[in-house]
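Geometric and topological summary
As a plain string of letters, each chain reads:
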Amino acid sequence: MRIGIVILPDQRWSEARRRWAQVDEWGFDHAWTYDHLGWRDLVDGPWFDSWTTLTAAAGVTSRVKLGTLVASPNFRHPAAFARQVTALDDVSDGRVLLGLGAGGIGFDSAVLGGETLPPRQRVDRFAEFTELLDTILREDGTTWRGEWFTAVDARNNPGCVQQPRVPFVVAANGPRSMRLVARFGQGWVTTGLGGDDIEAWWGTVAELSDRMTRTLEQAGRDPATLDRYLSLDSAPVFSLTSADFLAEQVARAARLGFTDVVTHWPRASSWYAGDEAVLVEAAALLPELRRAG
């Protein structure tokens, strides 16, 4: 089991720098940030660009994998984004994990003045976004005219440090997105399905994991070739309520076949409110948490 953590981009670098350096020192396997222009009610507070943050984080870390949880086509074009991905993979010496998702409704989908797409169209756009991004990152000189995106001789030179490209960790809860995972993903990330009862939430996680396995088998792909990431804090109880509770959740995820779990750096209030002392305690237990998984 590998253990990851999300650091929201809501702190000035003078504070955020310490956090990124600390997770590297503690030995977390991967560290993520949200790729939004603004997120939920935090849109009215401080918020910083994810890709700039990750580039700065690459400079104060040496081993932890770095990624977006998740980037989406809400405000990104594959041709421009491929250049950013390639640059970060180079700066970090091959430590990028690229989390990708369809993009939801809200500030990100409204701030540029475009229409809010219904779910089916968001998945249509995501499918084309993922395929085009995959193509550009693998091949130099891509020309593409699709329903959602156009590219003319898009370049990828010199290509990613990680070959043939950076790993895609694709977010999916529905059948169509899961088929994208089977086709393009080196990893799959799920949030489970919502609810106020943690046992019911775990039931949805188990169901989704089984569905992902069936999707891979139907696509002719060995399920063992896919890394499975679970965002623990989509549950109705914060995973860092205590170090013991985190250990229980890690073990439970492992029993369902997950290879990776992700928690969040505790915040003073609102989303992921908690005590940093619990994070410090949990970090000291990382070797045990991995064995528990």
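Because the structure is predicted, anything quoted here is derived from the model rather than measured.

**Some thoughts on the pattern of salt bridges**
Counted by the stated rule, this structure contains 16 salt bridges. In this structure, Glu276 and Arg19 form a salt bridge, with 3.7 Å as the shortest nitrogen-oxygen distance. In this pair, Glu276 sits in helix H9 (residues 276-284) while Arg19 sits in helix H1 (residues 13-26), placing the two residues 257 residues apart along the sequence. Residue Arg19 is classed as buried on the basis of its relative accessible area, which comes to 9%. Put simply, Arg76 and Asp35 hold a salt bridge, and the shortest N to O gap is 2.8 Å. In this pair, Arg76 is assigned in the loop between strand E3 (65-71) and helix H3 (78-91) and Asp35 in the loop between strand E2 (30-33) and helix H2 (50-60), connecting sequence segments 41 residues apart. A single burial state applies to Arg76 and to Asp35, both of which are buried. Among the ionic contacts, a cluster of salt bridges with common partners joins Glu15, Arg18, Arg19 and Glu276.

**Some points on empty space enclosed by the protein**
Applying the stated criterion to the full structure yields 1 cavity of 30 Å³ or more. Of the voids in this model, the largest cavity is the one considered here, and its volume is about 30 Å³. In terms of lining, the largest cavity is formed by Ile3, Phe28, Leu240, Leu246, Thr263, Leu279, Ala282, Leu286 and Leu289. Those elements giving two or more residues to the lining of the largest cavity turn out to be H9 and helix H10 (286-292).

**Observations concerning the nonpolar core**
If you look at the biggest cluster of nonpolar residues, it comprises 87 residues, and the most contacted ones within it are Phe81, Leu98, Leu100, Leu133, Phe168 and Trp188. Not counting the four nearest positions on each side in its chain, Leu98 is found in contact with Trp51, Thr68, Phe81, Val85, Leu133, Val166, Pro167, Phe168 and Val169.

**Things to note about the UniProt feature "domain: Luciferase-like" (unreviewed entry) in the protein chain**
The sites that UniProt annotates as "domain: Luciferase-like" (unreviewed entry) are residues 1-231. The span residues 1-231 carries 41% helix and 19% strand; its end-to-end C-alpha distance comes to 14 Å.

**Side note on the layout of surface pockets**
Any empty space left between the atoms is revealed when a probe the size of a water molecule rolls over them. Of the pockets and cavities examined, the largest pocket occupies roughly 1200 Å³. In terms of lining, the largest pocket is formed by 43 residues, of which the most central are His36, Trp39, Arg40, Val70 and Thr191. Elements with a minimum of two residues in the lining of the largest pocket: E3, helix H4 (107-110), helix H5 (119-138), helix H6 (175-184) and strand E8 (187-190). Per element, the largest residue contribution to the lining of the largest pocket is 4 residues, and it comes from H5. Forming the walls of the second largest pocket are 13 residues, and the residues nearest its centre are Asn74, Ser109, Gly114, Glu115 and Arg125. When grouped by side-chain class, the residues that make up the lining of the second largest pocket number 4 nonpolar, 5 polar and 4 charged.

Rules behind the numbers
- Residues numbered from 1 in each chain as written.
- Predicted model: local features only at pLDDT ≥ 70, side-chain atom pairs only at ≥ 80, totals over all residues.
- Heavy atoms only, no water.
- Salt bridge = Lys/Arg side-chain N within 4 Å of Asp/Glu carboxyl O.
- Helix = DSSP H or I, 4+ residues; strand = E, 2+ residues; numbered from the N terminus.
- Buried < 20%, exposed > 50% of the residue type's maximum accessible area, 1.4 Å probe, protein only.
- 1 Å grid on protein atoms, 1.4 Å probe; cavity = no way out; pocket = protein on both sides within 12 Å on 5 of 7 lines; lining within 4 Å.
- Points joined across faces, edges and corners; volume = space filled by probe spheres on them.
- Core = buried A, V, L, I, M, F, W, Y, C linked by side-chain atoms within 4.5 Å.
- Contact = heavy atoms within 4.5 Å.
- UniProt positions renumbered as here; feature names shortened; annotations may be inferred.
- Nonpolar A, V, L, I, M, F, W, Y, C, P; charged D, E, K, R; others polar.

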